[in-house]
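Chains, contacts and geometry: an overview
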Amino acid sequence: MRIAPLSPAGRRPDRRAIAETTTVKYELTHLQALEAEAIFIMREVAAEFESPVLLFSGGKDSIVLMRLAEKAFRPGRFPFPVMHIDTGHNFPEVIAFRDRLVQQLGERLIVASVQESIDRGRVQEETGPRASRNRLQTTTLLDAIAEHGFDAAFGGARRDEERARAKERVFSFRDDFGQWDPKSQRPELWALYNGRIRRGEHVRVFPISNWTELDVWQYIAQERLALPEIYFAHEREVFERDGMVYAMHPDVALLDGEVAYRTSVRYRTVGDMTCTGAVRSHAATVTDVVAEIAATRVTERGETRADDRASEAAMEDRKREGYF
């Protein structure tokens, strides 16, 4: 800081002159601006709502949310628990990573089980070669939100993932049935968020809405975040169906003409094994993945999620029912 010199008359200049000589210009980088916005959103939720929860899948986006929560609230504990909706068909590597990370951070983990929803008769197991538990997660999620009385749920959705998610506000309001109506969302001019809700309603909050997949990976590189190993190239037994590459697992039955084989793959997104496809890749490091993502022109959900291919409005239909 440079102190303004004395004037010839021996008097100090006025405050405005001092300010002009001591101003330090500081510009945020792109990632710093995104990080600051996300931290601001998380703190707003902690201040406005009585019982928030952070939805955690074990995927890259929710891992970034965990780091942002650390920056927002450390050295204290998170002012909310972490909740995972377990389909029972998750990648074992992701479940193991989830448990290690939550234990390392010392935070409270709630696991809501789709299998328990099936056992209680809340949902019915799908059958057939293309059966999946992905859609069944909605009922399990809404039941858990009601059971614990959560009024806000953080999610890692981003607007660049899929056209329905591009319609989302940062504060995405759900009615007392947990349903989403894109026409009734509130404006968010000048980053002002209206969190007022009635009893039974809740809000899904997406702090990284404005991030891209490339932003997420660059942030992972900057923060040196650990990820489940399925995000990096590895040898895996797979099969092809409907133009996608799936991992072999005990709950899958091959159709006529389908053959299992081993190849080098990695995953761009984490979900139920029955509907999450892999991409052929040799990107074994974060640097390799950043270069690969920078060159792609297809979103991760568009390339690797079978549930989004059912129809052009598949995601929006699920979201209207209460999906993530």
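Let me sum up the structure you'll find in this document. (Residues numbered from 1 in each chain as written. Predicted model: local features only at pLDDT ≥ 70, side-chain atom pairs only at ≥ 80, totals over all residues. Heavy atoms only, no water.)

Our next topic: the overall build of the chain. In terms of helices and strands, the chain carries 10 helices and 10 strands. Restricting the contact set of the chain to residue pairs at least 6 apart, pairs at least 24 apart contribute 72%. Carbon together with sulfur atoms contributes 50% to the accessible area of the chain, which is approximately 16,500 Å² in total. (Helix = DSSP H or I, 4+ residues; strand = E, 2+ residues; numbered from the N terminus. Contact = heavy atoms within 4.5 Å. Areas by Shrake-Rupley, 256 points an atom, 1.4 Å probe, with all protein chains shown as cover.)

For the rest of this paragraph, the subject is the nonpolar core. Leu54, Val64, Met66, Leu68, Phe171, Val205 and Trp217 are the most contacted members of the largest nonpolar core, which totals 58 residues. Per element, the largest residue contribution to this core is eight residues, and it comes from helix α3 (residues 60-73). Setting aside residues up to four positions removed in sequence, Val205 forms contacts with Ile41, Val45, Ala152, Ala153, Phe154, Gly155, Val170 and Phe171. In terms of nonpolar packing, the next biggest core, distinct from the first, is built from 15 residues, Ile85, Ile118, Val123 and Ala153 among them. (Core = buried A, V, L, I, M, F, W, Y, C linked by side-chain atoms within 4.5 Å. Buried < 20%, exposed > 50% of the residue type's maximum accessible area, 1.4 Å probe, protein only.)

Once that is clear, we can look at a nonpolar patch on the surface. Taken together, the side chains of Leu189, Trp190 and Leu192 make up a nonpolar region of the molecular surface, amounting to roughly 430 Å² of accessible area. Residue position: Trp190 is located in the loop between β5 (171-174) and β6 (202-205). (Patch = residues over 30% accessible without salt bridge, like charges linked within 9 Å, V, L, I, M, F, W, Y side chains within 5 Å. Salt bridge = Lys/Arg side-chain N within 4 Å of Asp/Glu carboxyl O.)

On to the packing of α3 against helix α4 (residues 92-105). Between α3 and α4, the least distance of the axes is 12 Å, while the angle of their chain directions is 0 degrees. Classified by the angle their axes make, α3 and α4 are roughly parallel. Side by side, α3 and α4 meet where Ile63, Met66 and Glu70 of the first sit next to Phe97, Leu101, Val102 and Leu105 of the second. For the contact of α3 with α4, the per-class residue count stands at six nonpolar, no polar and one charged. (Axes fitted to C-alpha atoms, helices over the stretch in contact; angles between N-to-C directions. Parallel < 35°, antiparallel > 145°, perpendicular 65-115°, else oblique. Nonpolar A, V, L, I, M, F, W, Y, C, P; charged D, E, K, R; others polar.)

What follows covers the side chain of Arg174. Structurally, Arg174 can be placed in strand β5. A residue is classified by how much of its surface remains accessible, and Arg174, at 1% relative accessible area, is buried. Of the polar contacts made by the side chain of Arg174, one reaches the side chain of Glu168; its length is 3.5 Å. (Polar contact = N/O pair within 3.5 Å; in protein donor to acceptor, adjacent residues only side chain to side chain.)

Taking 1.5 Å of rise per residue, 12 residues should cover 16 Å, and helix α6 (residues 137-148) covers 16 Å from first to last C-alpha, within 8% of that figure. Those residues of α6 that fall on the buried side of the exposure criterion are Gln137, Thr138, Thr140, Leu141, Leu142, Asp143, Ala144 and Ile145. Backbone geometry just after α6 places Gly149 at a positive phi near 70 degrees. (Expected span 1.5 Å × (residues − 1).)

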